[in-house]
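In case you want the letters, here they are:
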Amino acid sequence: MDWVPIVFIVFKVAVFGTGMFFAIKWHYDQGKKEKNEASRSQMPVERTLGAPE
């Protein structure tokens, strides 16, 4: 029965580690997406001849 706390601690570290990885990844991707949208809105729009406005 001495192995039970060890298994629970390993499981807890794995779950929290995975959660932290995805939280950091999500925030990083949101910042990159926001930066991309901001730079896209400042870019001049290409217009083709004969295209409706």
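So, how was this worked out
- Residues numbered from 1 in each chain as written.
- Predicted model: local features only at pLDDT ≥ 70, side-chain atom pairs only at ≥ 80, totals over all residues.
- Heavy atoms only, no water.
- Helix = DSSP H or I, 4+ residues; strand = E, 2+ residues; numbered from the N terminus.
- Buried < 20%, exposed > 50% of the residue type's maximum accessible area, 1.4 Å probe, protein only.
- Areas by Shrake-Rupley, 256 points an atom, 1.4 Å probe, with all protein chains shown as cover.
- Patch = residues over 30% accessible without salt bridge, like charges linked within 9 Å, V, L, I, M, F, W, Y side chains within 5 Å.
- Salt bridge = Lys/Arg side-chain N within 4 Å of Asp/Glu carboxyl O.
- Phe/Tyr/Trp six-rings, centres within 6.5 Å; stacked < 30°, edge-to-face > 60°.
- Expected span 1.5 Å × (residues − 1).

(A) Quick look at the overall build of the chain. The secondary structure content of the chain amounts to 1 helix and 0 strands. Counting every position in the chain, which comprises 53 residues, the buried fraction comes to 0%. Looking at the chain as shown, the accessible area adds up to about 5700 Å², and 68% of this sits on carbon and sulfur atoms.

(B) Spotlight on a nonpolar patch on the surface. A cluster of nonpolar side chains, namely M1, W3, V7 and F8, defines an oily patch on the protein surface of about 540 Å² accessible area. Here W3 lies in helix α1 (residues 3-42). Taking the relative accessible area as the measure of exposure, W3 reaches 54% and is therefore exposed.

(C) Structural context of the packing of aromatic side chains. Across all of its chains, the model carries 1 aromatic pair by this definition. Relative to F22, the ring of F21 lies with its centre 5.1 Å away and its plane at 75°, an arrangement referred to as edge-to-face.

(D) How the structure looks around α1. Look at α1: 59 Å from first C-alpha to last across 40 residues, which is about the 58 Å you get at 1.5 Å a residue. Burial analysis of α1 places just 0 of its 40 residues in the buried class, which makes it a mostly uncovered element.

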